[in-house]
Amino acid sequence: MVTVARRLNQMVVNRLNKPSDGDIVVPQRQTSIIGTTSWLVDDMDGIEIPHEHVEKMIVKGEQLIPAVRPTPIRGVMAAARPLVGRPGVDEREVSRTFEAFDHTHEGVEGFVTIAGGKTTTARAMAEAISNMVCTKLSVRADCRTREVVLESFRKFFVDAYPSA
């Protein structure tokens, strides 16, 4: 994703088509986020963002909102997301949903996995896997992730981002 240093719109602008590159511009505080692209990576802990993907976001974002092009880039971001799919299926065709797996039926007790999803579904993912773990441990507790207000990143990185 690419963030430009100005809020260019008041509501999300989306192409409303099948998932593709650069199909959304999201206003966020005093910035606008253009997303997304997709590519396979070998190292999920050391993702290098290809320059051509950044340029593609600017080109596609400019088609939605022409003011994207002259607006300075504030930052670029990438995150690895393991998708739940089938071999041979284009990753853009794979569902962006998530699945939680209990590995007991595979002979591995006490091991659960959650895969898929995306940043916007992180709280739903947390709730699903928390509920699964609580059930396995016979813990009766409501998941509160829907209610908890997250702290601003500024609280944790004040020295690193003094002007943020």
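Residues numbered from 1 in each chain as written. Predicted model: local features only at pLDDT ≥ 70, side-chain atom pairs only at ≥ 80, totals over all residues. Heavy atoms only, no water.

Engineer: How would you explain the overall build of the chain if you had to name every residue and give the values?
Structural biologist: When helices and strands are tallied, the chain shows two helices and seven strands. Start at the N end of the chain and walk to the C end: the helices and strands fall as β-β-β-β-α-β-β-β-α. Looking at the 164 residues of the chain, the share that counts as buried comes to 23%. Within the chain, contacts between residues at least 6 apart in sequence are counted, and of these 49% link residues at least 24 apart. (Helix = DSSP H or I, 4+ residues; strand = E, 2+ residues; numbered from the N terminus. Buried < 20%, exposed > 50% of the residue type's maximum accessible area, 1.4 Å probe, protein only. Contact = heavy atoms within 4.5 Å.)

Engineer: How would you sum up helix 2 (residues 122-136)? Please name residues and give values.
Structural biologist: Its 15 residues give helix 2 an end-to-end C-alpha distance of 21 Å, which sits within 8% of 21 Å, the value for a rise of 1.5 Å per residue. Along helix 2, the residues classified as buried are Met-125, Glu-127, Ile-129, Met-132 and Cys-134. For helix 2, the secondary structure elements touched by its buried residues are strand 6 (98-102) and strand 7 (112-116). Downstream of helix 2 by a residue or two, Ser-138 has a phi angle that is positive, lying close to 55°. (Expected span 1.5 Å × (residues − 1).)

Engineer: Which residues make up a nonpolar patch on the surface, and what values do they have?
Structural biologist: Side chains of Ile-49, Ile-73 and Val-76 sit close together on the surface and give an oily, nonpolar patch of about 220 Å² of accessible area. Relative to the helices and strands, Ile-73 is located in strand 5 (residues 73-76). By relative accessible area, which is 43% here, Ile-73 ends up partly exposed. (Patch = residues over 30% accessible without salt bridge, like charges linked within 9 Å, V, L, I, M, F, W, Y side chains within 5 Å. Areas by Shrake-Rupley, 256 points an atom, 1.4 Å probe, with all protein chains shown as cover. Salt bridge = Lys/Arg side-chain N within 4 Å of Asp/Glu carboxyl O.)

Engineer: Outline the side chain of Thr-37, supporting the account with residue identities and numerical values.
Structural biologist: In this fold, Thr-37 is placed in the loop between strand 4 (31-35) and helix 1 (51-64). Owing to a relative accessible area of 16%, Thr-37 belongs among the buried residues under this scheme. Of the polar contacts made by the side chain of Thr-37, one reaches the side chain of His-53; its length is 2.9 Å. (Polar contact = N/O pair within 3.5 Å; in protein donor to acceptor, adjacent residues only side chain to side chain.)

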